[in-house]
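# Working through the structure, step by step
So you can see what is in the structure, the chains are spelled out below.
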Amino acid sequence: MDQSDEIVLVGCGNMGFALLEGWVGRAGIPAGRIHVIEPAQALRSRAAAVGATVHADAAELPQALRPRAVIIAVKPQVVRSMLCAYRRFGGKAAFVSIAAGVPISTFEATLGETAIIRAMPNMPASIGLGVIAAFANAHTDDGQMAYVNNLLAAVGAVHWLAEEKLVDAATAISGSGPAYLFHFIECLTEAGVAVGLSAETALALAKQTVEGAAALAGTSGFSPAELRHQVTSPNGTTAAALQVLTAEPGLSELMTRAVAAAHRRALDLAVA
Ligand SMILES: NC(=O)c1ccc[n+]([C@@H]2O[C@H](COP(=O)([O-])OP(=O)(O)OC[C@H]3O[C@@H](n4cnc5c(N)ncnc54)[C@H](OP(=O)(O)O)[C@@H]3O)[C@@H](O)[C@H]2O)c1
């Protein structure tokens, strides 16, 4: 990545800041080259503390600014009303939207024929362990694709999708996924307390179990099913627990229903 490129980051809440942290803290992108537009004073101060150039409103951006990328990280419901403030960058910058559900056609309606990439990152991007599903429109040229790919790859593994509608599917898996895992840790902790562990010990065991198992699944040559078998002694403790998890409605059915609900919500946000 050319270190002199400038980036506009619109919205610096949970995910916008996770990206900023990843870009500045891990990818070495000069923080001052990232212009953050964020109306909330506390969040602007947080972004300024990592070195970003902060603004309360798009009108404060320098007139001469020619960003290579404009990252849209506001809530989906806000996208339509804020876009016109960035129209002047249309046709030049690559627009990257991380807003769940909002289709490329919504951006094209305001920005016209310009490079628009829908990207769905997730929170572990803040520590460089994100996963990002992305789709680019037909106005994105090879240089813009490569530039945005590098930007996204700086905070996680990038998967380019063949169809825009798959971004909504990815949102339900990897965008929301960290919350499923955080909830799993909460549940495992509660269950640990129920069998007599202190809350502190149960939380430590639950977090380190998820972290270790995820690392093993990611690095071992065995499939998740094979790894599960390796943990499950015949007629042992794990088998007893898995009998509960696979009884109707099992975890598999619950996950299918949960992901379907998230996917439906992404489709709803497209028309909200
Ligand atoms: N959180 C995640 O894990 C995650 C993952 C992938 C994608 N996303 C997507 O990322 C987007 C942001 O999610 P989030 O969780 O980061 O939400 P968030 O914490 O609410 O952050 C959005 C920020 O944008 C600000 N904002 C509102 N209007 C603005 C404007 N016109 N210009 C600049 N900033 C403005 C908001 O301020 P106010 O609160 O004062 O309005 C808020 O601080 C969403 O579209 C979401 O679908 C989130």
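For clarity, every value in this text was computed on a predicted model and none was experimentally measured. The residue numbering used here restarts from 1 in each chain and proceeds along that chain's sequence as written. At least 70 in pLDDT is required for a residue's local features to be given in this predicted model, at least 80 for side-chain atom pairs to be given and counted, and no such filter applies to totals for whole chains, interfaces and linings, which use all residues. Side-chain numbers here rest on the full set of heavy atoms in the structure, without hydrogens or water.

What follows deals with the overall build of the protein chain. Counting from the N terminus, the helices are the DSSP runs of H or I reaching at least four residues and the strands are the DSSP runs of E reaching at least two. Check the secondary structure of the protein chain and you find 11 helices and eight strands. By its C-alpha atoms, the protein chain is 70 × 35 × 35 Å across when sized along the principal axes. Only protein chains enter the accessibility calculation, which uses a 1.4 Å probe. A residue is then buried if its area is under 20% of the maximum for its type, exposed if over 50%, and partly exposed in between. Burial analysis of the protein chain (272 residues in total) assigns 38% to the buried set. Contacts were defined at the residue level, with two residues in contact if any of their heavy atoms lie within 4.5 Å. Counted over contacts in the protein chain with a minimum sequence separation of 6, partners at least 24 positions apart contribute 61%. For the protein chain, the computed accessible surface area is about 14100 Å², with 60% contributed by carbon and sulfur atoms. The distance from the centre of the 18 positive side-chain charges to the centre of the 22 negative ones in the protein chain is 5 Å. All accessible-area figures derive from a Shrake-Rupley calculation using a 1.4 Å probe, and residue coverage is judged against the displayed protein chains alone. Neither His nor the chain termini are counted; the positive set is Lys and Arg, and the negative set is Asp and Glu. Note that the charge is assigned to NZ on lysines, CZ on arginines, CG on aspartates and CD on glutamates.

Moving on, we come to the packing of helix H6 (residues 165-175) against helix H11 (residues 251-271). Inter-axis angles, ranging from 0 to 180 degrees, are taken between N-to-C directions of lines fitted to C-alpha atoms, where helices are fitted over the stretch in contact. Where H6 meets H11, the closest approach of the two axes is 8 Å, and the angle between their N-to-C directions is 135 degrees. Taken together, H6 and H11 sit at an angle that is classed as oblique. Along this stretch, H6 crosses H11, giving a crossing that reads as right-handed. Contacts from Asp-168, Ala-169, Ala-172 and Ile-173 in H6 reach Val-259, Ala-262, His-263, Ala-266 and Leu-267 in H11. Just so you know the grouping, Ala, Val, Leu, Ile, Met, Phe, Trp, Tyr, Cys and Pro go in nonpolar, Asp, Glu, Lys and Arg go in charged, and all remaining residues, Gly too, go in polar. When the residues that make up the contact of H6 with H11 are grouped by side-chain class, the tally is seven nonpolar, one polar and one charged. Throughout this description, any angle smaller than 35 degrees is read as roughly parallel, any larger than 145 degrees as roughly antiparallel, any in the 65 to 115 degree range as roughly perpendicular, and the remainder as oblique. Less than a right angle of anticlockwise turn of the near helix away from the far helix marks a crossing as left-handed, whereas a clockwise turn marks it as right-handed.

Approximately 770 Å³ is the volume attributed to the second largest pocket. Lining the second largest pocket are 31 residues, and of these Met-15, Ala-73, Val-74, Lys-75 and Pro-76 lie nearest its centre. Mapped by element, the contributors of at least two residues to the lining of the second largest pocket are helix H1 (14-26) and H6. Ranked by residue count, the leading element in the lining of the second largest pocket is H1, at three residues. Each cavity reported here is a set of points on a 1 Å grid over the protein atoms alone in which a 1.4 Å probe fits but cannot get out, each pocket an open set with protein on both sides within 12 Å along at least five of seven lines, and each lining residue one with an atom within 4 Å of a point. Grid points are joined across faces, edges and corners, and a volume is the space filled by probe spheres set on the points.

To continue, consider unusual backbone geometry. The phi torsion of most residues other than glycine is negative, and most of the peptide bonds are trans. A cis amide bond links Glu-248 to the next residue, Pro-249, at an omega of -15 degrees. Tracing the chain through its elements places Pro-249 in the loop between helix H10 (237-246) and H11. Here the phi dihedral of Asn-235 falls at roughly 60 degrees; this positive angle occurs in a residue that is not glycine.

This next bit is on the site of the ligand. To be near a molecule or strand, a residue needs just one of its heavy atoms within 4 Å of it. With respect to spatial proximity, 21 residues lie near the ligand, and among them Asn-14, Met-15, Glu-38, Val-74 and Lys-75 are the closest. Polar contact is defined as a pair of N or O atoms within 3.5 Å, subject to the rule that within protein one atom must be able to donate a hydrogen and the other to accept it, and that residues adjacent in sequence are counted only when both atoms are side-chain atoms. In this structure, an oxygen atom belonging to the ligand sits 2.8 Å away from a main-chain N or O atom of Met-15. Here Ala-100 contributes a backbone N or O atom positioned 3.0 Å from an oxygen atom of the ligand. Here the ligand, which alone exposes 870 Å², has 74% of that area covered by the protein. Class assignment for the residues of the shell around the ligand results in 16 nonpolar, three polar and two charged.

Like-charged residues within 9 Å of one another, or nonpolar side chains (Val, Leu, Ile, Met, Phe, Trp, Tyr) within 5 Å, are grouped into patches, provided each residue has over 30% relative accessible area and no salt bridge. By salt bridge we mean one thing: a side-chain nitrogen of Lys or Arg within 4 Å of a carboxyl oxygen of Asp or Glu. A surface patch of nonpolar side chains, amounting to about 320 Å² of accessible area, comprises Leu-245, Leu-251, Leu-254 and Met-255. Looking at the nonpolar patch, the element that brings in the most residues is H11, giving three residues. Tracing the chain through its elements places Leu-251 in helix H11. With a relative accessible area of 39%, Leu-251 lands in the partly exposed category.

Right, let's talk about the side chain of Glu-38 for a bit. Residue position: Glu-38 is located in the loop between strand S2 (34-37) and helix H2 (41-49). Although Glu-38 is buried, it forms no salt bridge, and the closest oppositely charged side chain is Arg-44 at an N-O distance of 6.2 Å. In this structure the side chain of Glu-38 is engaged in a polar contact, spanning 2.7 Å, whose partner is the backbone nitrogen of Cys-12. In this structure the side chain of Glu-38 is engaged in a polar contact, spanning 2.9 Å, whose partner is the backbone nitrogen of Ala-40.

For the rest of this paragraph, the subject is the environment of Val-10. With respect to the helices, strands and loops of the structure, Val-10 is situated in strand S1 (residues 7-10). Measuring from C-alpha to C-alpha, the distance between Val-10 and His-55 comes to 9.6 Å, with 45 residues separating the pair along the chain.

On to the confidence of the model for the protein chain, then. Every residue is assigned a pLDDT by the predictor, reflecting its confidence on a scale from 0 to 100. Within the protein chain, residue pLDDT values average 95, and 98% of them lie at 70 or more. As scored by the predictor, the complex reaches a pTM of 0.95 and an ipTM of 0.99.

Another point: the environment of Leu-216. Along the chain, the position of Leu-216 falls in helix H8 (residues 199-219). A residue is classified by how much of its surface remains accessible, and Leu-216, at 46% relative accessible area, is partly exposed. The spatial distance from the C-alpha of Leu-216 to the C-alpha of Leu-227 is 8.6 Å, given a sequence separation of 11 residues.

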